[in-house]
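Coordinates in review
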Amino acid sequence: MSFPLAAAKTYDATPARRVAFLGLGVMGHPMAGHLARAGHAVTVYNRTAAKAAEWVAAYGGASAATPREAAAGADIVFACVGNDADLREVTLGEHGAFHGMAPGAVFVDHTTASADIARELDAAATARGLGFVDAPVSGGNLGALNGALTVMCGGAPEVFARIQPVAMAFAKAVTLLGPAGSGQLAKMVNQIAIAGLVQGLAEAIAFGEKAGLDMKAVLGVIGKGAAQSWQMDNRGPTMVEGRFDFGFAVDWMRKDLGLVLDEARRQGVRLPVTALVDQFYGDVQAQGGGRQDTSSLIRRLR
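A short tour of the structure in this document, coming up. (Residues numbered from 1 in each chain as written. Predicted model: local features only at pLDDT ≥ 70, side-chain atom pairs only at ≥ 80, totals over all residues. Heavy atoms only, no water.)

Moving on, we come to helix H4 (residues 84–92). Restricting attention to buried positions, one finds in H4 the residues Leu 87, Val 90 and Thr 91. When H4 is viewed along its axis, its buried side chains cluster within an angular range of 95° and face the same direction. Those residues of H4 hidden inside the fold are in contact with strand E1 (18–22), helix H3 (67–71), strand E5 (106–109) and helix H5 (115–127). Regarding H4, its N-cap is Asn 83, as a side-chain oxygen of that residue lies 3.1 Å from the backbone nitrogen of Ala 85 further along. (Buried < 20%, exposed > 50% of the residue type's maximum accessible area, 1.4 Å probe, protein only. Helix = DSSP H or I, 4+ residues; strand = E, 2+ residues; numbered from the N terminus. Arc of directions from axis to C-beta. Contact = heavy atoms within 4.5 Å. Polar contact = N/O pair within 3.5 Å; in protein donor to acceptor, adjacent residues only side chain to side chain.)

What follows is the structure, given as structure tokens:
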């Protein structure tokens, strides 16, 4: 699979750092690309080595055979992998980055994972004299390509201050929200809000279509009023057109909502709408839409 290159962007001046980036999927590939374009010396690792070779061909830098080798000598190690198990493997596994990082280096995790793994890795990092920041992102593949992600962080203020200007290479905002785990909890808040918004937008469009309205025209009108949202502006028109072959996949959203609902049970918080929308996404998966954008929720209603 060939990835599109990161879009052109103006970068804030910041001292060049030696960094590593672990995980070159649809998010990590352009994020690491922005770091290289911002002037940092980047070494990448990907489980599929061909993707790392493709990245080096596009951006320069170097690739490594293991997370440990990629992390050796790095000031900051960034990661964006699949889930808690993947994250534990690339940090604490036999060839994990924590074994190669020098004391004082910082590990920044952009994976959407559990708050528990963030706290576990923070403790493990501290025991090794390392810094740790959990830093899940919002903005999807387009935000990663444009270097305009929103990054929600948990960690110690002095550690965050060291990584924030570097992470701005691929972000429009990098914000500390509390101790380790806070970034992951904030991402859960984000996904709860999105789930309800997308379902509401899907129902509104389906209703309007059945009523015989020109829904593109309707969205153009109500998008100037109280109903306006990012989802309406960016996903409303494509929902009307029935285009779902882009954006944040249903499979990923269900993974995220699983984390949300697990945490809600631990906290004793009721999330009835989120739980229902998670079931609706299960219906979309059963229809073969697991790799489609989350706006494909409307398929259930047509």
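Time to look at the state of the cysteines. Covalent bonding between the sulfur atoms of two cysteines defines a disulfide. One pass over the full model with this rule turns up zero disulfides. Summary of cysteine pairing: Cys 80 is not part of a disulfide, and the nearest cysteine sulfur, belonging to Cys 153, is at 13 Å. Judged by its relative accessible area of 15%, Cys 80 falls in the buried class. A relative accessible area of 0% places Cys 153 in the buried class. (Disulfide = S-S within 2.5 Å.)

Here the focus is the pattern of salt bridges. Scanning all chains against the criterion turns up 14 salt bridges. Across the pair Arg 266 and Asp 116 runs a salt bridge, and its minimum N-O distance is 4.0 Å. On the criterion of sequence distance, the pair formed by Arg 266 in helix H11 (residues 250–267) and Asp 116 in helix H5 is long-range, its members being 150 residues apart. The exposure class assigned to Arg 266 is partly exposed, which follows from its relative accessible area of 48%. The salt bridge partner of Arg 300 is Asp 283, with a shortest N-O separation of 2.9 Å. (Salt bridge = Lys/Arg side-chain N within 4 Å of Asp/Glu carboxyl O.)

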